[in-house]
Amino acid sequence: MTASEPAILAAFPARFAPAHTALVIIDMQNDFCVDGFAASAAGRPLGAAQAIVPAIAALRAAARRAGVLVCHVGFWTLPGHLSDSGPWLAQRRRSAYASDRIAIAGTPGADFVPALSPVDGEVVVHKHRYSAFKGTDLDMVLRGRGIAAVAVCGVSTNVCVESTLRDAFEHGYYVSAVGDACASWDTDLHHATLRNVEARFGVVSTVADLVRSWGEARPMKGNAP
């Protein structure tokens, strides 16, 4: 018996329909986005990260109106290096604008930026590595809600956003990088990731693409406030 080819959702509105799409917001935390916290102390330019906050806020508002599942993913370093390994520490200590003391669990640096703080009905996931799927319950939560597609935004495009996008694709989800709601300290790396996503892992969309698509869809009852 020959297995039939699985169905493919080809059109963007069908692929990212509110009923089966999650908006995944990556690492929009004080340590990564706010002056005076860990990333800025390491010399990282934060202008691009700060500039996308209004775009993500608009995207989240549209998601909630349409009944799209909103997931906040935040980096979460356990005190005393309990979540670290030797290779992880070695690379963190040699990487540009990085810190091995970033987003320590329970500290203000690990809090989400005030403009994007989670509200009731939104999912919060803590991760210890770049990908939101590594060692977390994100995949279980998404599958439990019948999610088939993820729209990913946040920081940094070329590290945690890209790692999450790759894993989402390999876990069997349709993937979109929301290009104007992602940011990196390095514009070239930002654009390289978006090119790579478009070439191999999914599609690159804009905030306007998703707001328009979700606004044209019928809202799901009970998911939006």
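You'll find the structure just up there.
Owing to the predicted nature of the structure, the values given are computational and were not obtained by experimental measurement.

J.: Whenever I open this one, the packing of aromatic side chains confuses me. Can you help?
T.: Aromatic ring pairs are defined here through the distance separating the ring centres and the angle between the ring planes. Following the criterion strictly, the structure yields four aromatic pairs and no others. Centroid distance F32 to F75: 6.4 Å. Interplanar angle 80°. Geometry classified as edge-to-face. Here F75 lies in strand β2 (residues 69–75) and F32 lies in helix α2 (residues 30–33), a separation of 43 residues in the sequence. Residue F32 shares its accessibility class with F75, and that shared class is buried. Relative to F201, the ring of F169 lies with its centre 5.8 Å away and its plane at 75°, an arrangement referred to as edge-to-face. Note that F169 is positioned in helix α8 (residues 157–170) and F201 in helix α9 (residues 187–201), a separation of 32 residues in sequence. By relative accessible area, which is 38% here, F169 ends up partly exposed. Taking the relative accessible area as the measure of exposure, F201 reaches 13% and is therefore buried. Here the guanidinium or amino end of R92 rests over the ring plane of F75, the centre of that ring lying 5.9 Å away.

J.: How should I be thinking about α9 in this particular structure?
T.: A turn of α-helix holds 3.6 residues, and therefore any two residues three or four places apart point the same way. Its 15 residues place the ends of α9 20 Å apart at the C-alpha level, agreeing with the 21 Å of an ideal helix rising 1.5 Å per residue. If you check which residues of α9 are buried, you get H190, T193, L194, V197 and F201. The arc that holds every buried residue of α9, seen down its axis, measures 95°, which confines them to one face. Within α9, the exposed residues directed more than 90 degrees away from the buried face are D188, R195 and R200. The inward-facing, buried residues of α9 contact α8, β5 (174–183) and β6 (203–205). Its side-chain oxygen at 2.9 Å from the backbone nitrogen of D188, D186 defines the N-terminal cap of α9.

J.: How do you make sense of the pattern of salt bridges when you look at a structure like this?
T.: Two side chains bearing opposite charge may form a pair once their charged atoms approach each other closely. Considering all chains together, one arrives at seven salt bridges under this definition. Of the charged contacts in the structure, one is a salt bridge between R212 and D209, with a shortest N-O distance of 3.1 Å. Within this pair, R212 and its partner D209 are both found in helix α10 (residues 207–216), separated by three residues, close to a single helical turn. When its relative accessible area of 46% is taken as the criterion, R212 is described as partly exposed. Residue D209 is classed as partly exposed on the basis of its relative accessible area of 25%. One connected set of salt bridges, linked through shared partners, spans R60, R64 and E122.

Rules used in this analysis
Residues numbered from 1 in each chain as written. Predicted model: local features only at pLDDT ≥ 70, side-chain atom pairs only at ≥ 80, totals over all residues. Heavy atoms only, no water. Phe/Tyr/Trp six-rings, centres within 6.5 Å; stacked < 30°, edge-to-face > 60°. Helix = DSSP H or I, 4+ residues; strand = E, 2+ residues; numbered from the N terminus. Buried < 20%, exposed > 50% of the residue type's maximum accessible area, 1.4 Å probe, protein only. Lys NZ or Arg CZ within 6 Å of the ring centre and 35° of its normal. Expected span 1.5 Å × (residues − 1). Arc of directions from axis to C-beta. Contact = heavy atoms within 4.5 Å. Polar contact = N/O pair within 3.5 Å; in protein donor to acceptor, adjacent residues only side chain to side chain. Salt bridge = Lys/Arg side-chain N within 4 Å of Asp/Glu carboxyl O.

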